[in-house]
Amino acid sequence: MSMITMQGKLINTYQANSRVDQATGLVTQGKHKIQIMGHMPMESGESRLEMHDLTCNDLETFKPLQGKTIRFALGIMSSGDNTILFIPRGTKPEVITEAPRGDKNAA
């Protein structure tokens, strides 16, 4: 497992739909999610906007920051051919007031 930092604009917070196990009828509550929009650099030197949906253990920490540019720790795990991104428990997002370096398109 590795840790990196993700930065972007918090677009939305929500709870995913609950799931019902067809065999047992057991209902599993939907997970809390955040949607982050960020600039992804391209080989041409330009950047494109990309949105990521991430599971969040403490939605109440992120909710008041909706519409703001934030930075937070992000974990990465690899399982076979899959790469899993996640927000570690206890993560506290930081509000960013300046535009990222080298990003002339930042709002």
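Residues numbered from 1 in each chain as written. Predicted model: local features only at pLDDT ≥ 70, side-chain atom pairs only at ≥ 80, totals over all residues. Heavy atoms only, no water.

**Here we look at the pairing of strand S4 (residues 32-41)**
Relative to strand S5 (residues 47-55), S4 is paired through nine bridges, and the arrangement is antiparallel. For Ile34, the partnering residue across the bridge sits in S5 and is Leu54. Following S4, the chain reverses through five residues before pairing antiparallel with S5; Gly45 in that reversal takes a positive phi of roughly 95 degrees. (Pairing = 2+ DSSP bridges. Helix = DSSP H or I, 4+ residues; strand = E, 2+ residues; numbered from the N terminus.)

**Notes on the pattern of salt bridges**
When the charged atoms of two side chains with opposite charge come close together, those side chains can pair. In the structure shown here, the tally under the stated rule is three salt bridges. A salt bridge links Glu50 to Arg48, with the nearest nitrogen and oxygen atoms 2.5 Å apart. (Salt bridge = Lys/Arg side-chain N within 4 Å of Asp/Glu carboxyl O.)

**Let's talk about the confidence of the model for the protein**
Per-residue pLDDT for the protein has a mean of 89; in total, 89% of the residues score no lower than 70. Put simply, strand S7 (residues 82-86) is where the protein has its lowest mean pLDDT, 89, and strand S8 (residues 94-95) is where it has its highest, 96. (pLDDT = per-residue confidence, 0-100.)

**A few points about the environment of Ile11**
For Ile11, the position within the fold is in strand S1 (residues 2-15). By relative accessible area, Ile11 is classed as partly exposed at 35%. Placed 55 residues apart in sequence, Ile11 and Gln66 show a C-alpha to C-alpha distance of 5.9 Å. Here Ile11 is in contact with Gln35, Met37, Met51 and Gln66, once residues within four sequence places are set aside. (Buried < 20%, exposed > 50% of the residue type's maximum accessible area, 1.4 Å probe, protein only. Contact = heavy atoms within 4.5 Å.)

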